[in-house]
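Geometric and topological summary
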Amino acid sequence: MTSQILTSKFDRRRLMKGAAALGAFQVASPFLIQARGETPIRIGMVDPLTGVYAAPAGNEVMGAKLAVEQINAKGGMLGRQVELLVEDSANDVGTGVQKARKLIERDQVNFMIGDVNSGIAAAIAQVTAEKKILHIVSGGHTDSITGKDCKWNVFRVCNTTRMEANSVSDLLFTKYGKKWHFITPDYAFGHTLYSACTDNLKKLGGTVTGNELTPLGTTDFSAYLIKARVANPDVLLLLVQGSDMINCLKQIVQFGLNKQIHVAGTQQELESLAGLPPEARIGIWMFEWYWKQPGVPGVEKFVADIRKVNNGNVPTARHWFGYVSAMSFALVANQRKTTDAVKLAAALENFELPDDVKLQPNKVYYRKGDHQLMTSAFVGEAQSKGKDDPEDLYRVDQVVPGDKTAPAVGDTGCTIQWPA
Amino acid sequence: MTQLLLFNVTNGLIIGAFYVLMALGLSLILNLSNVINFAHGGFLVIGGYIAYTISPYVGFWGALLLAPPLTAVIGLAVERVLIRPLYGRDPLYSLLLTFGLAFIIEDGTRFIWGPQGKPVTIPPFLAQPLSNELFFITGYRLFMVAVVMIAVALLFQLLRYTRLGIRIRAGTLDLETVAALGINVQMLRSLNFAVGIYLAGLSGVLAAGQLGLEPTMGTGLLMPSFIAIIVGGIGSLPGTLVGGLLIGVASGLTAVFLPAASEAVIYVLMAVVLLLRPRGLFGEEGMMS
Amino acid sequence: MSAEQIRKLVLLAAIWGALLLAPYWMVPLGGYTALATRVLVLGLAAMSVNFLLGFTGVLSFGHAAYFGLGAYGAGLTLKFLVASTPLALVLGMLLGGLCGAILGTLIVRRRGVYFAMVTIAFGQVFYYIAFQWSSLTGGDDGLRGFSRQPIDFGLFKLDILSSADNFYYFVLFCFALVAGAMAFILRSPFGRTMIAIRENERRARFLGIPVERHIWIAFTLSCFFMGFAGALYALVNNFADPRGLHYSQSGDFVMMAVMGGMRSFWGPLLGAAVFVVLQDYLSSITVNWMSFVGLLFVLVVLFFPRGLLGFLQRSKA
């Protein structure tokens, strides 16, 4: 019921930096003689733990914490224990950048994870590139992070908007029809997702009946839905996310629009489906990862481990993003026996994730040309209630490999420039 | 085109009705106590979460009946402990206090119920549109408008005919004289605050059915209420009523032609009103007849 | 020199000493230079708000808008016009100041609660413009793609991009300029008039002082200062984003001024230092830091309305 996901780990931090001892410790630490095996390796994580993205951010942190626990249980990184230092970006760029600098300059982190908010992720990437810290973007989707703004030290786990659009376009076209109407959130993520979808639609020979650009945080979608209805499309694509998605779907179902027009979209998340009343859990979507994958190695254990720290609830894609990010650092560091960012960045290129980390059927690897993780798209349909499990709110129909949904490296606009 | 316009004007009135409910509560508190209640959105959220928590036991209708008074009780406690010390002081302090209170409420609700949005179900017979044509007029939205109309009517009756109401109106005009006449002004302000918070709680229950229930949902609804009050004229409850409806319609219509501006247009409206008639549409002194 | 004057000089010397040596004493205490820079910039903003609030007695709760406008002005200059830091600062300041001047004419006739509400609402207008005009401002993603440029003094270049310490001293220099201007104005006859208006507006009016005009000038000046602080902020982050214009940011600035002490010149800087450091520290150790910050607001308002410096002054008297 509560979201006290951070307290137990923070006791350790608080111990380390007790208020009165803070100054003394900071002065003493350079002089404390510590064996190399004792200095912990630090992973910094910046995420918006307060604000509208608090739910996905909190889940990412939970996943990363599980990873760090498992890494330490197996002996840590390079024989040293790993510490995860989490900071709240409060969904504000200034704060996010400040926390990133704090983690790097004061806390001397070796690695960085973050942020859910693409804008903040990009701003932090500037800092990590400047300071030569290996950085994995766990949850920010804007294409430019592994596109025209790609950097040698930045990798990304979650899908790009192109990948998401490519995963469902064919299906929606053949199944529902060629007249598409869009409800698009008015920011970079929405715009790029819309372009990606419409490019595909045009290639398939369909038409766009309209695009409703909705400001972020719109609570009442009625005006846009009125316009959509009047345009009479075959399918209404909802590109909005988070609370916008919840409000929009709720209103669509209350208006009975889903009985007249097919409802679908691209990215959908378990957090949103869980926040909807059962009758509003409809539509064809893609998930970036789903918890119910019978027969796929490692998944059951992951689900069980997360349930233990998540009030019995199953993991979402966000948990998996955090998990993979932290694990990736450990895997390459232990493989190459170094913490040097340049060497490890090179090691991550074309690095393939093992079964117990990728937790999905296809081959999953960080593509060399743009540092994008080729992770699969779980295409399927929302359902109001699972047959066996109250949290099984999504029926997966296909798992499309990442390198089939991702555009060619040449089309992403990314050219990686390594430091001299 | 005319159909589209008509639809959107009607839709705007429905949206506006909701703003009216929020804005009236805010206006009541502002007029009598000179307090800008930044935490009003927070009380809306509390109302929604209380409804969510008790509805498994008392159903939707029970929640609708019980959650607002429970929220009002919390409001009474807040007024007694936190706001009462600030009367007579510079309005700056109550502003800062309610501002901090809003933080505490947002974080508190996140702490108690978690950041994950909560699903709220409304009675199925309400969750239907009137017809295929008028699909955006669902039973629930009509119900909301009905509730608002009843609440507004009751409020105006309260203010017009009951002793409490008359005292509140008198207090808005001249609190000193009211105190001199021997009326317990402390109690008056508390009850007035409670009525305002009751309206916020009621808005919260209604909102929870329509929107996703999560800790940050109150913040986006606070600003339109402010604007409704400024446009209608500070000190005038009928003004607030008209103001709320006006911005609802303006917002709804703009969404048709220029969706990016649909939220900004209410600020433009406010600027225009302030330029042409600085005291708002219905004047500054509390005219509540 | 009287004892009073000596005390003031000593205090001034102590403050400047602490500011000049900040990168050296902060680090051993668990701080970091970027934090000090942030305190300076936000402190300057709080002092600008206080110029209006503490010294003229006018409550503007939407002042962050001009701060944000300054940030965007600087960012847009660096991104689209000329890669020059001084120019960015000047243009940012002008953008914030001019918008303030224009808006000021609309609202100076109002007072008290109404004035506060209207300033909030107008602040939000700018927030929405920044948010929605995404082709220019980047919308929710913010304005990116620029960074603070090294300053060319002809003989040598001051690299303020990669050196945190260099940048801190640069900001300190800018801070000194603006603080000096503020102090100068407050000591002038105009400043005295502002205080007279704060103390008793009706009496000031009877004395023939054109109250509205003075308030408008004070408002405009404070907006220029805010714009400058905002421009500096854009340089701190190499980023400008709409949240800097939101009324919650305004609330933070007012709180810093109140917490430090509204009636004193340096109060807001102290308030900013406490607020920024506390928020930085709290958000690292608990996810519920918002409750603590909110609680701080409540406690300061109820028990320390005169702020820290006010509290200290009273205990001395």
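These notes cover the structure that comes with them. Not measured: the values here are computed from a predicted model.

Take the packing of helix α6 (residues 161–176) of chain A against helix α7 (residues 188–204) of chain A next. All names here are of chain A. In contact at an axis separation of 9 Å, α6 and α7 are set at 40° when each is read in the N-to-C sense. Overall, the two elements α6 and α7 adopt an arrangement that is oblique. Note that α6 runs across α7; the crossing there is right-handed. Contacts from T161, R162, E164, A165, N166, S169 and F173 of α6 reach α7 at F189, T192, L193, A196, C197, N200, L201 and L204. Residue composition of the contact of α6 with α7, by class: eight nonpolar, five polar and two charged.

With that settled, the discussion passes to the interface of chain C and chain B. As a measure of interface size, the accessible area lost when the parts come together is often cited. On the chain B side, the residues contacting the 33 residues of chain C number 35 residues. Those elements giving two or more residues to the side of chain C that touches chain B turn out to be α6 (112–132), α12 (247–260) and α14 (289–303) of chain C. The element contributing the most residues to the side of chain C that touches chain B is α6 of chain C, with 13 residues.

The next thing to look at is the nonpolar core. Nonpolar side chains tend to gather and get buried jointly when the protein is soluble and globular. One finds A326 of chain A together with A121 of chain C to be the most contacted residues of the largest nonpolar core, which totals 347 residues. Contact partners of A326 of chain A, with chain neighbours within four places excluded, come to I43, A64, A67, V68, L84 and I113 of chain A.

On to unusual backbone geometry. All names here are of chain A. Residue D115 is reached from G114 by a cis peptide bond, and omega for that bond is 0°. With respect to the helices and strands, D115 occurs in the loop between β3 (111–113) and α5 (118–131). One non-glycine residue with positive phi stands out, namely N232, at about 55°. Along the chain, N232 falls in the loop between α8 (222–231) and β8 (235–238).

Looking now at the sheet that holds strand β1 (residues 41–47) of chain A. All names here are of chain A. An order of β2-β1-β3-β4-β5 is seen for the five strands of this open sheet, with the pairing classed as parallel. Every interior strand has two partners, whereas the edge strands, β2 (82–88) and β5 (154–156), have only one. Strand-to-strand twist of the sheet, defined as the mean angle between neighbouring strand axes without regard to direction, takes the value 20°.

What follows deals with the sheet that holds β8 of chain A. Adjacent strands of a sheet form backbone hydrogen bonds with each other and so pair up, either parallel or antiparallel. Residues and elements named next belong to chain A. Pairing is mixed across the open sheet formed by seven strands, whose spatial order is β7-β6-β8-β9-β10-β11-β12. In this open sheet, the two strands that pair with only one neighbour each are β7 (207–214) and β12 (394–400). Across this sheet, the average inter-strand angle for adjacent strands is 25°, counted without regard to direction. Strand direction decides the pairing type here: strand β6 (residues 179–185) and β7, joined by seven bridges, are parallel. The residue of β7 that forms the bridge with T184 is L213. Packed on one face of the sheet, α7 meets β6, β7, β8 and β9 (262–267) and runs near 170° to β6.

Another point: the packing of helix α2 (residues 40–83) of chain B against helix α8 (residues 219–232) of chain B. Residues and elements named next belong to chain B. Axis separation between α2 and α8 bottoms out at 8 Å; the angle between their running directions is 130°. In this view, α2 runs oblique relative to α8, as classed from their interaxial angle. Seen along the crossing, α2 lies across α8 with a hand that is right-handed. Contact with α2, carried on its side by H40, G41 and L44, involves T219, L221, L222 and S225 of α8 and no other residues of that element. Residues of the contact of α2 with α8, tallied by class, amount to three nonpolar, four polar and no charged.

Conventions we followed
- Residues numbered from 1 in each chain as written.
- Chains lettered and ligands numbered in written order.
- Predicted model: local features only at pLDDT ≥ 70, side-chain atom pairs only at ≥ 80, totals over all residues.
- Axes fitted to C-alpha atoms, helices over the stretch in contact; angles between N-to-C directions.
- Helix = DSSP H or I, 4+ residues; strand = E, 2+ residues; numbered from the N terminus.
- Parallel < 35°, antiparallel > 145°, perpendicular 65-115°, else oblique.
- Left-handed = near helix turned anticlockwise from the far one by under 90°.
- Contact = placed C-beta atoms within 7 Å.
- Nonpolar A, V, L, I, M, F, W, Y, C, P; charged D, E, K, R; others polar.
- Core = buried A, V, L, I, M, F, W, Y, C linked by C-beta atoms within 7 Å.
- Buried ≥ 20, exposed ≤ 12 C-beta atoms within 10 Å, placed from the backbone.
- Pairing = 2+ DSSP bridges.

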